[in-house]
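Listed here are the chains, written in short residue letters.
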Amino acid sequence: MNRQLFVMPGQERLGQNLLARSDFQSGNFELRRFPDGESHVRVLSDVRNADVAILCQMHHPDDKILPLLMLVSTLRDLGVRRVGLIAPYLAYMRQDKRFHDGEGITARYFARLLSQQVDWLLTVDPHLHRIHALSEVYSIPALAMTAVQPIAQWLRDHVTKPVVIGPDGESEQWAARVAQAAGCPWEVLTKERFGDRDVRISLPHVEQYVDCTPVLVDDIISTGRTMIQAAAHLQAAGMSAPVCIGVHGIFAEGALQEMQAVGLRVVTSNSIPDVSNQIDLAPLLSEGVRHLLCESEPARD
Ligand code: R5P
């Protein structure tokens with residue numbers, strides 16, 4: 001079976017971890033920009049009838065999508081059997097409704113675009129809120145794995161007497177499951193967002209946990225405001241500076257530094273490459289790829 005993994009530039013670390021855990025060979029290709037900024041793609045491996053997966057860590061997605069789609073089209077022209085996308089962080093999931101008149105519901109448009117291009121999709125903890133399942137918007141086999149177990153394992157290995165705290169209602173799904181898997185208590189705070197960088201969090205009743213290590217768990221850290229505000233409330237209530245775990249560290253410019261400046265320890269998975277990466281998703285992703293390749297195998301007569 002000819003299986004090849006194509007790793008988008010700059011993503012070699014997770015790519016190597018994945019290759020080490022799967023029966024995929026490394027796909028060889030060149031991707032660069034012409035002087036006018038257009039993408040140049042050249043596939044160097046023999047991909048005829050190959051089952052191909054592309055690893056694309058999708059932070060700053062707009063810079064990556066066109067080169068990705070050019071690579072997919074090139075692979076198809078060269079005769080691949082199937083081409084799937086491993087996007088550990090799935091971009092464009094948060095604009096899942098028209099918040100203001102005239103806005104685009106880009107979560108749906110992005111899903112439509114990818115569904116037209118690739119045969120399957122694998123991701124980790126996509127931001128499912130008003131969209132409840134990827135199948136509502138993706139028309140291809142799309143598997144969402146969860147980083148709950150890897151996060152719980154990290155907690156067991158690194159934190160003494162943790163109490164897991166979800167900074168808002170949406171984070172409850174991770175906080176509760178991580179705490180259950182790690183065997184520790186958990187709480188969820190309530191959050192109101194007044195603007196991109198203006199987030200207010202209710203004062204929690206956490207007195208009973210003052211001798212525990214607070215661990216804030218959320219799917220995404222973007223500006224860091226949610227974590228910073230939650231941490232400030234916990235500290236005002238007598239707790240120590242929390243460990244902040246984000247599945248996906250998107251980190252708007254300066255966000256990580258701002259969090260560190262107020263004494264927060266920030267830990268993320270390697271869904272997006274960053275210095276805060278401490279939780280390796282390669283075992284989870286290789287399991288997901290195996291599952292998807294079986295599931296999306298075309299039926300034989
Ligand atoms: C919200 O919908 C997400 O679950 C995160 O809470 C949010 O994206 C965090 O954003 P920020 O770091 O900008 O507060």
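Note that the structure is predicted; figures quoted are calculated from it, not measured.

Turning next to the site of the ligand. The environment of the ligand is formed by 15 residues, the closest being R94, D218, D219, T223 and T226. Between an oxygen atom of the ligand and a side-chain N or O atom of T223, the distance comes to 2.6 Å. Protein burial of the ligand: of its 370 Å² of free accessible surface, 94% is covered by the chains. Of all the elements in the fold, those that place two or more residues in the shell around the ligand are β11 (191–195), β13 (213–221) and α6 (225–236).

Read from one edge of the open sheet, six strands run β2-β1-β5-β6-β7-β8, paired in parallel fashion. If you trace the sheet from one side to the other, it starts and ends with β2 (25–26) and β8 (142–145), each paired once. Taken together, the five bridges between strand β5 (residues 51–55) and strand β6 (residues 82–86) define a ladder with parallel strand orientation. If you follow V52 over to β6, its bridge partner there is V83.

Applying the stated criterion across every chain, the model contains eight salt bridges. For D51, the salt bridge is made with R81, and the minimal N-O distance between the two is 3.0 Å. Here the residue D51 occupies a position in strand β5, and R81 occupies one in the loop between α2 (61–77) and β6, the gap between them amounting to 30 residues. As a salt-bridge pair, K161 and D211 come within 2.7 Å of each other at their nearest N and O atoms. With K161 in the loop between α4 (148–158) and β9 (162–166) and D211 in the loop between β12 (198–201) and β13, this residue pair connects regions lying 50 residues apart in the sequence. Given the relative accessible area of 46%, K161 is considered partly exposed. Here the salt bridges do not stand alone but share partners, grouping D51, R81 and R82 into one network.

A few words now on the packing of aromatic side chains. Two aromatic rings, taken as a pair, are described by how far apart their centres are and by the angle between their planes. Tallying each qualifying case throughout the model produces two aromatic pairs. The interplanar angle of 55° and the centroid separation of 5.4 Å between the aromatic rings of F6 and F29 together place this pair among those described as tilted. With a gap of 23 residues between them, F6 in strand β1 (residues 3–7) and F29 in strand β3 (residues 29–33) connect regions that are remote in the sequence. Comparing F6 with F29 shows no difference in burial state: the two are buried. With 4.9 Å between their ring centres and 35° between their planes, Y92 and F110 make a pair best called tilted. Residue Y92 is located in the loop between β6 and α3 (106–117), and its partner F110 is located in helix α3; the two are separated by 18 residues in the primary sequence.

Let us look at unusual backbone geometry. Glycine aside, a negative phi is what most residues show, and trans is what most peptide bonds show. At N49, a residue that is not glycine, the phi angle is positive and equals roughly 60°. Within the secondary structure layout, N49 lies in the loop between β4 (39–43) and β5. Although it is not a glycine, Y92 sits at a positive phi angle of roughly 65°. Its relative accessible area of 29% is what places Y92 among the partly exposed residues.

Moving on to the packing of α4 against helix α5 (residues 172–182). The interhelical angle for the contact between α4 and α5, taken along N-to-C directions, is 55°, at an axis separation of 8 Å. Judged by the inter-axis angle, α4 sits oblique to α5. The chirality of how α4 crosses α5 is right-handed. In this structure, α4 contributes V148, Q149, I151, A152, L155 and R156 to the contact, and α5 contributes W174, R177, V178, A181 and A182. Classifying every residue of the contact of α4 with α5 gives eight nonpolar, one polar and two charged.

Criteria and cut-off values
Every chain begins its residue count from 1, and numbering advances along the sequence as written. The predicted nature of this model means local features are confined to residues of pLDDT at least 70 and side-chain atom pairs, given and counted, to a pLDDT of 80 or more, with totals for whole chains, interfaces and linings taken over all residues. With hydrogens and water stripped out, all remaining heavy atoms of the structure feed into the side-chain values. The cutoff for a nearby residue is simple: one of its non-hydrogen atoms must lie within 4 Å of the molecule or strand. Two N or O atoms form a polar contact when they lie within 3.5 Å of each other; inside protein one atom must be a possible hydrogen donor and the other a possible acceptor, and for residues adjacent in sequence the pair counts only when both atoms belong to side chains. For accessible areas, the Shrake-Rupley method is used with a probe of radius 1.4 Å. Any residue's cover is judged against the shown protein chains and nothing else. The way it works is that DSSP assigns letters per residue, a run of H or I at least four long becomes a helix, a run of E at least two long becomes a strand, and they are numbered from the N terminus. In short, DSSP must find at least two bridges between two strands for them to pair. Here, a salt bridge means any side-chain nitrogen of Lys or Arg that lies within 4 Å of a carboxyl oxygen of Asp or Glu. Accessible area is worked out with a 1.4 Å probe on protein chains only. A residue is then buried under 20% of its type maximum, exposed over 50%, and partly exposed in between. Each Phe, Tyr or Trp ring, with Trp reduced to its six-membered ring, pairs with another whose centre is within 6.5 Å; inter-plane angles below 30 degrees give stacked pairs, above 60 give edge-to-face pairs, and intermediate values give tilted ones. Angular values range over 0 to 180 degrees, each being the angle between N-to-C directions of two axes fitted as lines to C-alpha atoms, with helices fitted over their stretch in contact. Note on angle classes: values under 35 degrees are labelled roughly parallel, values over 145 roughly antiparallel, values of 65 to 115 roughly perpendicular, and the remainder oblique. For a crossing to be left-handed, the near helix must be turned anticlockwise from the far one by less than a right angle; the clockwise case is right-handed. Every residue pair with non-hydrogen atoms within 4.5 Å of one another is taken to be in contact. Gly counts as polar in this scheme, as do all residues outside two lists: the nonpolar Ala, Val, Leu, Ile, Met, Phe, Trp, Tyr, Cys and Pro, and the charged Asp, Glu, Lys and Arg.

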